[in-house]
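# Architecture at a glance
One letter stands for each residue in the lines below.
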Amino acid sequence: GGADAGQIRTCCAAGSMGRKRRKREERKANKKLQNASSGGKKSGPTPPTPKMTPVPTDMLTTVDEERKRQNEHNKHALTSIEREHVMAVYDTVAEQWHATRYKPWPKVVDFVQTLPPRSLVADIGSGNGKHAAAATKLGYEVVCVDFSASLCAVSAASHGLDNVVGDAAAPPLRHGAFDAALSIAVLHHVATLERRQALVAETMRCLRVGGRALFYAWAREQERSGGTSGHEFGKHADVLVPWHHRTFEHGSKATADEAQRLEVCRAAAPAQHGVVDAEKRAVIYQRYCHVYEAGELDQLFEPIKDWVDVVRVYEDTGNHCVEARRTA
């Protein structure tokens, strides 16, 4: 449903982080990015990578049962695992996510720069709007779609972007209205093959004939594809990746009632599966991800090959990537 873009939901009574704190976190994140890109060594020990876990069998069974119950009219409906472990998580952590995910990916910007001047671009699964904002600065018109109302609100408030709350597998956008589309780091949050195929087809539907779209999805083979996440997925295609949601003010000290404060935050959050970790001063949420094998992403375009061409397939920093063009 439509949410007021001016109302950003927060995790708890601590409220949204202030502008100064966000700037501090952005500078820290930027320094880490610069060290990584320049090969520079970081001072001190490297923090451990959050441990991902395979999706429990009962969750996958629930998704399969939902698929069996769905008929032709709702087979692309949002699954329960996506509602709780993707949408609700991002609605919970939107402010913190925005403070640490502000830099657009260079090869996505390269793609945007190949578009004709003043192209109309659909960013479907736009998150906090970092790629849409970069495209806007380059002179393009962008419409953002995301199913997280909190991320849409952050995008509107931070970048002044036009946002629509909606499902990426059924975007509320006009047929053939756009010159280009972005689907960056969205498909790995989609739980069924039918919804993945629907997302691809619906994204291409929004384009005019000749329009192009770029898709990125997390690769299972992180090391081979240049990934920087540190995760090793092995044989697991469906995983839960932890996010430590911290709500205290920068520089503040833990109090005697830290666990109680975190429990209040957890209880008030849109995501209901959070686990309090008082030692880390965080509520831990699990994000659902489907990680892709080589060739799996481009296979999603097979059902629409009569009117869509796959132009280019490549890998970029731990993602499988496809550029596609609408031909009819």
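Please refer to the structure higher up on the page.
Residues numbered from 1 in each chain as written. Predicted model: local features only at pLDDT ≥ 70, side-chain atom pairs only at ≥ 80, totals over all residues. Heavy atoms only, no water.

Of all 12 residues in strand β6 (residues 207–218), 9 are buried; the element is thus mostly enclosed. With 6 bridges joining them, strand β5 (residues 178–184) and β6 adopt parallel strand pairing. The residue bridging S183 from the neighbouring strand is F215, located in β6. Handedness of the β5-helix α7 (residues 193–205)-β6 crossover: right-handed. The sheet contact formed by β6 and strand β11 (residues 319–326) spans 7 bridges and is antiparallel. (Buried < 20%, exposed > 50% of the residue type's maximum accessible area, 1.4 Å probe, protein only. Helix = DSSP H or I, 4+ residues; strand = E, 2+ residues; numbered from the N terminus. Pairing = 2+ DSSP bridges. Right-handed = clockwise from strand over helix to strand, strands pointing away.)

With that settled, consider helix α4 (residues 106–113). If you check which residues of α4 are buried, you get V108, V109, F111 and V112. Take α4 and look down its axis: the buried residues cluster within an arc of 155 degrees, on one side only. Packed against the buried residues of α4 are α5 (130–137), β5, β6 and β11. (Arc of directions from axis to C-beta. Contact = heavy atoms within 4.5 Å.)

Applying the stated criterion across every chain, the model contains 12 salt bridges. R195 is paired through a salt bridge with E82; the nearest N and O atoms lie 2.9 Å apart. One end of the pair, R195, is in helix α7; the other, E82, is in helix α3 (residues 80–100), and 113 residues separate them in sequence. Residue class for R195 comes out buried when judged on its relative accessible area of 2%. The exposure class of E82 is buried, given its relative accessible area of 1%. A salt bridge links E323 to R312; its shortest N-O distance comes to 3.6 Å. Of this pair, E323 sits in strand β11 while R312 sits in strand β10 (residues 308–316), placing them 11 residues apart in sequence. Relative accessible area serves as the criterion here: at 7%, E323 is assigned to the buried category. (Salt bridge = Lys/Arg side-chain N within 4 Å of Asp/Glu carboxyl O.)

A few words on the pairing of strand β2 (residues 120–124). Where burial is concerned, most of β2 is hidden: 4 out of the 5 residues are buried. In the sheet, β2 pairs with strand β3 (residues 141–146) via 5 bridges, with the strands oriented parallel. Its bridge partner lying in β3, L120 is registered against E141. For the handedness criterion, the β-α-β arrangement of β2, α5 and β3 is classed as right-handed. Here 3 bridges tie β2 to β5, and the two strands are oriented parallel to one another. Its bridge partner being in β5, A122 is matched across the sheet by A181.

With antiparallel pairing, the 4 strands of this open sheet are ordered in space as β1-β7-β9-β8. Lying at the two open borders of the sheet, with one neighbouring strand each, are β1 (53–54) and β8 (275–277). Relative to strand β9 (residues 282–290), β8 is paired through 3 bridges, and the arrangement is antiparallel. Bridging across to β9, V276 finds its partner in V283. Its contacts with the sheet place helix α8 (residues 258–268) against β8 and β9, and it is angled at close to 155 degrees to β8. (Axes fitted to C-alpha atoms, helices over the stretch in contact; angles between N-to-C directions.)

The next thing to look at is the sheet that holds β10. In space, the 7 strands of this open sheet follow the order β4-β3-β2-β5-β6-β11-β10, with mixed pairing throughout. Strands at the two margins of the open sheet, each flanked by one partner only, are β4 (162–165) and β10. Going from strand to strand, the sheet's axes swing by 15 degrees on average, the running direction of each strand aside. Its contacts with the sheet put α4 on β5, β6, β10 and β11, and the angle it makes with β6 is roughly 175 degrees. This element, α7, spans β2, β5, β6, β10 and β11 of the sheet and lies at about 145 degrees to β6.

Before going further, it helps to examine the packing of aromatic side chains. Throughout the structure, instances matching the rule amount to 6 aromatic pairs. Plain terms: the ring middles of W97 and W243 are 5.1 Å apart, the flat faces sit at 50 degrees to each other, and that makes the pair tilted. Taken together, the residues W97 in helix α3 and W243 in strand β7 (residues 238–245) connect sequence positions 146 residues apart. In terms of burial, W97 and W243 fall into one category: buried. Judged by centre distance (5.7 Å) and plane angle (45 degrees), the rings of W105 and Y216 are tilted. (Phe/Tyr/Trp six-rings, centres within 6.5 Å; stacked < 30°, edge-to-face > 60°.)

The next point concerns the environment of A201. Positionally, A201 belongs in helix α7. Each C-alpha atom of the pair A201 and P303 lies 8.5 Å from the other, and the pair is 102 residues apart in sequence. With near-sequence residues (within four places) excluded, A201 lies in contact with I304 and W307.

When a protein is soluble and globular, its nonpolar side chains tend to lie buried together. Within the largest apolar cluster, 30 residues are counted, with the highest numbers of intra-cluster contacts made by L173, L187, L199, M204, F215 and F301. Looking at this core element by element, the count peaks at 5 residues for α7. Non-local contacts of L173, meaning those with residues more than four positions away in its chain, are made with A122, I124, V143, V145, F178, R205 and C206. Core analysis: the second largest hydrophobic core is formed by 24 residues, A88, F147, V154 and A269 among them. (Core = buried A, V, L, I, M, F, W, Y, C linked by side-chain atoms within 4.5 Å.)

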